[in-house]
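Geometric and topological summary
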Amino acid sequence: MDHVLDIQHLTKTYGKKTALVDISFKVKAGSCFGLLGPNGAGKSTTMKILTGIVEPDTGKVLIQGIDAKKNPLLVKKTIGYVPQSITLYEDLSAFDNLMFFGQMYGVKGHTLQERITKVLKQTGLLERAKDKVKEYSGGMKRRINIAAALLHNPQILILDEPTVGIDPQSRNHIFDMIQALKEDGVTIVYSTHYMEEVETLCDEIAIIDNGQIITQGNLKELKAKYSDKVIYIETTQIEKLRLIPNISKITAKNDGWIIESEHPVTLLQEILKASVEHGFEILALEMVQPTLESVFLSLTGTSLRD
Ligand code: ADP
């Protein structure tokens with residue numbers, strides 16, 4: 001699969017504040033690439049550089065192999081950008097907002113009418129199109145903001161934390177839209193500090209912290225590489241577990257205990273055997289699925305949650 005975006009060695013400072021240090025990643029055509037990191041990590045700055053709004057101090061962005069800086073028209077044509085803040089005219093209807101933004105992108109006449117109908121259908125807001133934006137909920141505004149970025153039919157859609165502070169219904173709509181766009185071959189770059197979103201939507205991710213990419217790759221590979229292999233058990237006689245050879249680290253969690261092991265499947269079997277031999281009761285026993293939270297924790301020593 002070809003890479004439509006190739007981001008090479010971006011650095012950016014704002015005065016004395018370093019926002020990005022040597023950021024590089026590539027995005028495959030038709031995939032969803034997630035940029036995951038806490039607030040202030042450098043996600044927005046990266047996205048603004050991709051769209052040409054902010055210029056990097058060093059480094060470059062190649063779109064379909066072409067240097068974006070040397071071809072701003074290509075950037076405008078190829079990329080749709082959904083900024084974090086809502087940029088709509090509150091006193092205009094959603095339809096009139098879309099007319100305005102479509103014309104700004106050079107879409108006109110019959111084509112624009114068709115595109116507006118299409119993107120309104122995609123957002124699930126066709127019925128409300130004539131209502132003023134000020135009557136919309138935060139989530140509906142966000143959906144129209146995304147619609148505005150799609151009017152010129154971009155091949156790449158960049159979304160900067162599109163679900164912050166919105167209702168679950170709008171969030172689900174946004175997820176469905178992204179899946180549908182992917183099925184249509186649109187490449188998505190998606191930034192968030194919610195791990196569940198990356199797990200649901202993205203094929204490849206980069207974890208960004210303090211302006212640096214600390215790891216990147218396929219979701220499954222990252223979890224296998226960095227997550228601890230862990231078993232969760234609930235029993236009233238935890239001391240009897242210590243009779244099993246090779247169990248070293250047992251930590252309390254919720255109503256039970258977490259046991260780390262390089263060989264969790266073998267350990268599960270040993271625990272079941274020991275429960276019969278030593279006669280202790282097991283109330284719950286499971287292998288814990290690795291999560292991105294544990295990947296982040298293992299790499300940074302801190303939690304991604306605010
Ligand atoms: P994120 O999107 O991950 O929250 P940002 O890219 O917005 O992170 O910010 C990265 C860092 O750069 C932060 O420390 C932020 O305060 C700083 N920063 C971002 N924009 C500006 C700006 N215009 N002026 C000064 N500092 C900025």
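Residues numbered from 1 in each chain as written. Predicted model: local features only at pLDDT ≥ 70, side-chain atom pairs only at ≥ 80, totals over all residues. Heavy atoms only, no water.

Turning next to the pattern of salt bridges. Oppositely charged side chains may form a pair once their charged atoms are brought near each other. One pass over the structure, following the stated rule, counts eleven salt bridges. A salt bridge links lysine 12 to aspartate 57; its shortest N-O distance comes to 3.9 Å. Taken together, the residues span a long stretch of sequence, with lysine 12 in strand E1 (residues 3-14) and aspartate 57 in the loop between helix H1 (43-50) and strand E4 (58-63) at a distance of 45 residues. Residue lysine 12 is classed as buried on the basis of its relative accessible area of 12%. We classify aspartate 57 as partly exposed; its relative accessible area is 42%. Residue glutamate 197 is joined to arginine 171 by a salt bridge in which the shortest nitrogen-to-oxygen separation is 3.1 Å. Here glutamate 197 is found in helix H7 (residues 195-201), whereas its partner arginine 171 is found in helix H6 (residues 168-183), with 26 residues between them in sequence. (Salt bridge = Lys/Arg side-chain N within 4 Å of Asp/Glu carboxyl O. Helix = DSSP H or I, 4+ residues; strand = E, 2+ residues; numbered from the N terminus. Buried < 20%, exposed > 50% of the residue type's maximum accessible area, 1.4 Å probe, protein only.)

If you trace the six strands from one edge of the open sheet to the other, you get E6-E7-E8-E3-E9-E10, paired in mixed fashion. The open sheet has two free edges, formed respectively by strand E6 (79-82) and strand E10 (212-218), since each of these has just one partner strand. The average undirected angle you get between the axes of adjacent strands in this sheet is 15°. Direction of pairing for strand E3 (residues 32-36) relative to strand E8 (residues 187-192): parallel, over a ladder of five bridges. Across the sheet, residue glycine 34 finds its bridge partner in E8, namely tyrosine 190. Helix H5 (residues 138-150) contacts E6 and strand E7 (156-160) of the sheet and is inclined by roughly 165° relative to E6. Its contacts with the sheet place helix H8 (residues 219-226) against strand E9 (204-209) and E10, and it is angled at close to 115° to E10. (Pairing = 2+ DSSP bridges. Axes fitted to C-alpha atoms, helices over the stretch in contact; angles between N-to-C directions. Contact = heavy atoms within 4.5 Å.)

With that settled, consider the environment of cysteine 32. With respect to the helices and strands, cysteine 32 occurs in strand E3. Sequence-wise, cysteine 32 and glutamine 179 are 147 residues apart; in three dimensions their C-alpha atoms are separated by 9.0 Å. Contact partners of cysteine 32, with chain neighbours within four places excluded, come to Lys182, Ile188, Tyr190, Leu201, Cys202, Asp203 and Glu204.

What follows covers helix H11 (residues 292-300). Those residues of H11 that sit buried are Leu292, Glu293, Val295 and Phe296. Projected down its long axis, H11 carries its buried residues within an arc of 160°, all on one side. The inward-facing, buried residues of H11 contact E3, H7, E9, E10 and H8. Positioned one or two residues after H11, glycine 301 has a phi angle of 75°, which is positive. (Arc of directions from axis to C-beta.)

In this section: the domain arrangement of the protein chain. Domain boundaries in the protein chain define domain 1 (30-41 + 76-224) and domain 2 (228-289). For domain 1 versus domain 2, the distance between C-alpha centres works out to 44 Å. (Domains from an automatic or database assignment.)

Extensive coverage of strand E11 (residues 230-235) is indicated by the burial of five of its six residues. In terms of strand pairing, E11 meets strand E13 (residues 256-260) through four bridges, oriented antiparallel. Among the inter-strand pairings, isoleucine 231 is bridged to a residue of E13, identified as isoleucine 259. Where E11 lies against strand E14 (residues 282-288), six bridges are found, and the strand directions are antiparallel. Each residue of the ladder has a partner; that of isoleucine 233, found in E14, is leucine 285.

It is worth spelling out the sheet that holds E4 at this point. Reading across the sheet, the four strands line up as E2-E1-E4-E5 and stay open at both edges, with antiparallel pairing between neighbours. Each edge of the open sheet is held by one strand with a lone partner, namely strand E2 (17-28) and strand E5 (66-67). Looking at chain direction, E4 and E5 are connected through two bridges and run antiparallel. Residue pairing across strands places isoleucine 63 opposite isoleucine 66, the latter belonging to E5.

A separate point is the site of the ligand. The immediate surroundings of the ligand are formed by Tyr14, Lys17, Ala19, Pro38, Asn39, Gly40, Ala41, Gly42, Lys43, Ser44 and Thr45. Separating an oxygen atom of the ligand from a backbone N or O atom of serine 44 is a distance of 2.8 Å. Contacts to the ligand include threonine 45, whose side-chain N or O atom sits 2.6 Å from an oxygen atom. Burial of the ligand by the protein chains amounts to 62% of its free accessible area of 560 Å². (Near = heavy atom within 4 Å. Polar contact = N/O pair within 3.5 Å; in protein donor to acceptor, adjacent residues only side chain to side chain. Areas by Shrake-Rupley, 256 points an atom, 1.4 Å probe, with all protein chains shown as cover.)

Let's shift gears to the packing of aromatic side chains. Scanning all chains against the criterion turns up four aromatic pairs. Ring geometry for phenylalanine 25 against phenylalanine 33: centres 4.7 Å apart, planes inclined by 10°, an arrangement best described as stacked. Taking relative accessible area as the criterion, phenylalanine 25 reaches 3% and is therefore assigned buried. The buried category is assigned to phenylalanine 33, whose relative accessible area is 2%. Between the aromatic rings of phenylalanine 100 and phenylalanine 101, the centroid separation amounts to 5.3 Å while the plane-to-plane angle is 80°, which identifies the pairing as edge-to-face. Here phenylalanine 100 falls in the partly exposed class, since its relative accessible area comes to 32%. Site record: aromatic cluster; members linked through ring pairs are Tyr89, Phe100 and Phe101. The positively charged end of lysine 12 is found above the aromatic ring belonging to tyrosine 14, 5.4 Å away from the centroid. In this structure, lysine 76 packs its charged tip against the face of tyrosine 105, placed 5.9 Å from the ring centre. (Phe/Tyr/Trp six-rings, centres within 6.5 Å; stacked < 30°, edge-to-face > 60°. Lys NZ or Arg CZ within 6 Å of the ring centre and 35° of its normal.)

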